[in-house]
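If you want the building blocks of each chain, they are given just below.
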Amino acid sequence: MSIAQKIKLTDYLPAEVTAGKTLWIGGTWESAQDGETFASIDPASGVEIAKIAQGKAKDIERAVQAAKKGAKVWAETGGMQRAAILRKAAELIRQTREALGTLDSIDSGKAISETAGRNVDGTAGMFDFYAGVTDKIRGSVIDMGPNTTGLVEKEPYGVVGAISPWNYPMSNAATKIAPILACGNALILKPAEQTPLSALLLAHILDQAGLPKGVFNVVTGFGAEAGSALVEHPEVPKLSFTGSTATGRRIAAVAGQKLKSITLELGGKSPFIVFDDADLDAAASGAVTTVFMNQGQTCTSCAKVLVARQLVDAFIAKCQEKVASIKIGDPLDPKNDLGPIVSQVQLDRVKKLLAEGIAAGARQVEVKADYQPVDGGNFIAPVIVTDLDPHNPLATEEIFGPVMAVYAFDTDEEAYAAANDTQYGLAASVWTTSLARAEVARRVINTGIVWINCVHTLSLNTPVPGRKASGLGSEYGLEALDNYMRLKTTVTMFGGYKGLF
Ligand code: NAI
Ligand code: MG
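Residues numbered from 1 in each chain as written. Chains lettered and ligands numbered in written order. Predicted model: local features only at pLDDT ≥ 70, side-chain atom pairs only at ≥ 80, totals over all residues. Heavy atoms only, no water.

A.B. asks: Mind showing me how you'd approach the overall build of the protein chain here?
C.D. replies: Along the backbone of the protein chain there are 16 helices and 26 strands. On the principal axes, the C-alpha backbone points of the protein chain span a range of 75 × 60 × 40 Å. For the protein chain, buried positions account for 56% of its 501 residues. Put simply, of all contacts in the protein chain between residues at least 6 apart along the chain, 74% involve residues at least 24 apart. A distance of 6 Å separates the average location of the 48 positive side-chain charges in the protein chain from that of its 54 negative side-chain charges. (Helix = DSSP H or I, 4+ residues; strand = E, 2+ residues; numbered from the N terminus. Buried < 20%, exposed > 50% of the residue type's maximum accessible area, 1.4 Å probe, protein only. Contact = heavy atoms within 4.5 Å. Lys, Arg positive; Asp, Glu negative; His and termini not counted. Charge placed at Lys NZ, Arg CZ, Asp CG, Glu CD.)

A.B. asks: How should I be thinking about the coordination of the magnesium ion (ligand 2) in this particular structure?
C.D. replies: Around a metal, the idealised angle for a tetrahedral arrangement of four donor atoms is 109.5 degrees; for an octahedral arrangement of six donor atoms it is 90 or 180 degrees. For the magnesium ion (ligand 2), the full set of protein donor atoms is Asp-107 (O) and Gln-194 (O), at a range of 2.2 to 2.3 Å. Of this pair, Asp-107 sits in helix α4 (residues 97-108) while Gln-194 sits in the loop between β8 (186-190) and α7 (197-208), placing them 87 residues apart in sequence. Given a relative accessible area of 24%, Gln-194 falls into the partly exposed group. (Donors = N, O, S within 2.8 Å, 3.2 Å for Na, K, Ca; no water.)

A.B. asks: What is the right way to look at the site of ligand 1 in this model?
C.D. replies: Every one of the 27 residues lining ligand 1 counts as a neighbour, but Trp-166, Lys-190, Glu-193, Ser-244 and Glu-398 are closest to it. The contact in question runs from an oxygen atom of ligand 1 to an N or O atom on the side chain of Lys-190, over 2.7 Å. Within the backbone of Leu-266, a nitrogen or oxygen atom sits 3.0 Å from a nitrogen atom of ligand 1. Calculation on ligand 1 without its partners gives an accessible area of 810 Å², and the protein chains cover 87% of this total. Because more than half of its atoms lie within 2 Å of the grid, ligand 1 is assigned to the largest pocket. Broken down by secondary-structure element, the contributors of at least two residues to the shell around ligand 1 are α8 (223-232), β10 (238-242) and α12 (344-359). Here the shell around ligand 1 takes 4 residues from α8, the largest share from any one element. (Near = heavy atom within 4 Å. Polar contact = N/O pair within 3.5 Å; in protein donor to acceptor, adjacent residues only side chain to side chain. Areas by Shrake-Rupley, 256 points an atom, 1.4 Å probe, with all protein chains shown as cover. 1 Å grid on protein atoms, 1.4 Å probe; cavity = no way out; pocket = protein on both sides within 12 Å on 5 of 7 lines; lining within 4 Å. Sits in = over half its atoms within 2 Å of the grid points.)

A.B. asks: What is the right way to look at the sheet that holds strand β20 (residues 427-431) in this model?
C.D. replies: Two pairing modes exist for strands in a sheet, parallel and antiparallel, and in both the strands are linked by backbone hydrogen bonds. Pairing is mixed across the open sheet formed by 7 strands, whose spatial order is β15-β17-β18-β13-β12-β20-β21. In the strand order of this sheet, the two ends are held by β15 (363-365) and β21 (449-452), each with one partner. In this sheet, adjacent strand axes meet at a mean angle of 25 degrees when their direction is disregarded. Of the pairings in the sheet, the one linking β15 to strand β17 (residues 383-386) comprises 3 bridges and is antiparallel in character. The residue bridging Arg-363 from the neighbouring strand is Thr-386, located in β17. (Pairing = 2+ DSSP bridges. Axes fitted to C-alpha atoms, helices over the stretch in contact; angles between N-to-C directions.)

A.B. asks: For this particular structure, what's the right way to read the nonpolar core?
C.D. replies: Considering soluble globular proteins, one finds that nonpolar side chains tend to be buried as a cluster. One finds Phe-127, Tyr-130, Ile-177, Leu-181, Ile-188, Leu-197 and Phe-216 to be the most contacted residues of the largest nonpolar core, which totals 91 residues. Ile-177 has contacts with Phe-127, Leu-187, Leu-189, Leu-202, Leu-206 and Phe-216, leaving out every residue within four places of it along the chain. Counting residues in each nonpolar core, the second largest holds 66 residues, with Leu-280, Phe-315, Leu-354 and Ile-445 among its members. (Core = buried A, V, L, I, M, F, W, Y, C linked by side-chain atoms within 4.5 Å.)

A.B. asks: Sorry, what's going on with a nonpolar patch on the surface here?
C.D. replies: The grouping of Ile-142, Met-144 and Val-491 at the surface amounts to a nonpolar patch, some 250 Å² of accessible area in total. Following the sequence through the fold, Val-491 ends up in strand β26 (residues 485-493). Since its relative accessible area comes to 47%, Val-491 is described here as partly exposed. (Patch = residues over 30% accessible without salt bridge, like charges linked within 9 Å, V, L, I, M, F, W, Y side chains within 5 Å. Salt bridge = Lys/Arg side-chain N within 4 Å of Asp/Glu carboxyl O.)

The analysis is restricted to geometry; functional conclusions fall outside its scope.
Put into structure tokens, the structure is as follows:
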């Protein structure tokens, strides 16, 4: 039995929500129009923890109409007032730390030490960061000669559709919600069907913070129903999506047809390069962190570990040593670092890929972690494999599970070629004490982020710009504001117009 099974959801969420009214539309909790629901499963035990309304096209329609009204009110709310509401939300998020963390843990299997810790900090930080800019958005004036002035304004889109994934439920949602609101838009969030609960508490918190009704709406449901209805809707001109590259391509195809603006944060196959002059202990710490944190379910995970051949054995030994201290078990037990995989489907996917990789010649290295799975949960112990060739499925596919694949390389050129030999271009981590190597790596590696002697070291102000099949546009930082505003140019002449005819 998992700890989640002993929890009363009514301690954490409004009563309507726990009664299955999980659509937040125009400031009220509602059921799906056709009354259908689906189960939210606790990944640590496989047991149902909540009934979630299964929103569909008709519910998206209602949400869009509510958001259109909300967008009008919000666009007319001054920047100072918007900032005050976002700042209040940040404060309430911090005060609601335990509840938000618990909901993300029981929904996704993430350890409470992470969800109630750095995930809540990051979520609150998003609202503080964008509160700090919403009252500083400016346009520009262009000198166009006598009697003529050009103005360039930044305007909100109106209604934005946001679709978020299950791997960092509340923080990935906040990465969209905060800048979308800061720019003066209303939005409809479709959270991942595996992990809708924290978004519902965020809706309640934003309401408490004084956000006008209809500005933030949540429609729970599946990607193929609620998600695609949101993507298709003619009155939603801007879409923001985080998730798989396959779904990203599908959304981009619709957006291409309908000429909608899109921001996509997609998958990755990010390299981790350890040169022969690296600080081996720090590099091993980085590798174990990037591969195993959140059970490997991180888009920027640098899990393609390329190591200078003479260091491979020593590097693997250090990684084995570090993995031994990782505690895996019930995600609500605060002593644990990691919990289960988000769903049975994802666990099966990881296991299948691992089996294919081993069948194709990868050699599994012995790993001993402090592994205490709960019965019925989607648990998997950390895995390290090596001796792979470049065509091994573990070398080419995004694994999204706790599997470190270690490759030996002989020359720097070989390492860079392996790093860039992928459809993806999200992140890379490079370990060297040579300034020259660090400089070459930064220039040669074709990814949006390059970490030198660190990994996952980001601030709210550092953009995450995916390249190639890893995305379009950039979340985080001031750059995210460009995603959610469009320009308007106005030219005014103060008399004296002379036309061509
Ligand atoms: P997914 O991309 O299908 O799901 C992510 C979100 O998209 C969910 O909210 C889902 O409901 C929605 N969605 C699905 N189909 C849709 C559609 N046709 N129209 C609109 N919305 C739609 O990802 P999935 O299947 O859960 O995971 C598969 C793989 O994707 C993972 O193994 C991992 O490799 C990758 N992934 C990457 C993430 C990242 O952070 N970049 C996050 C989640 C998954
Ligand atoms: Mg769940």
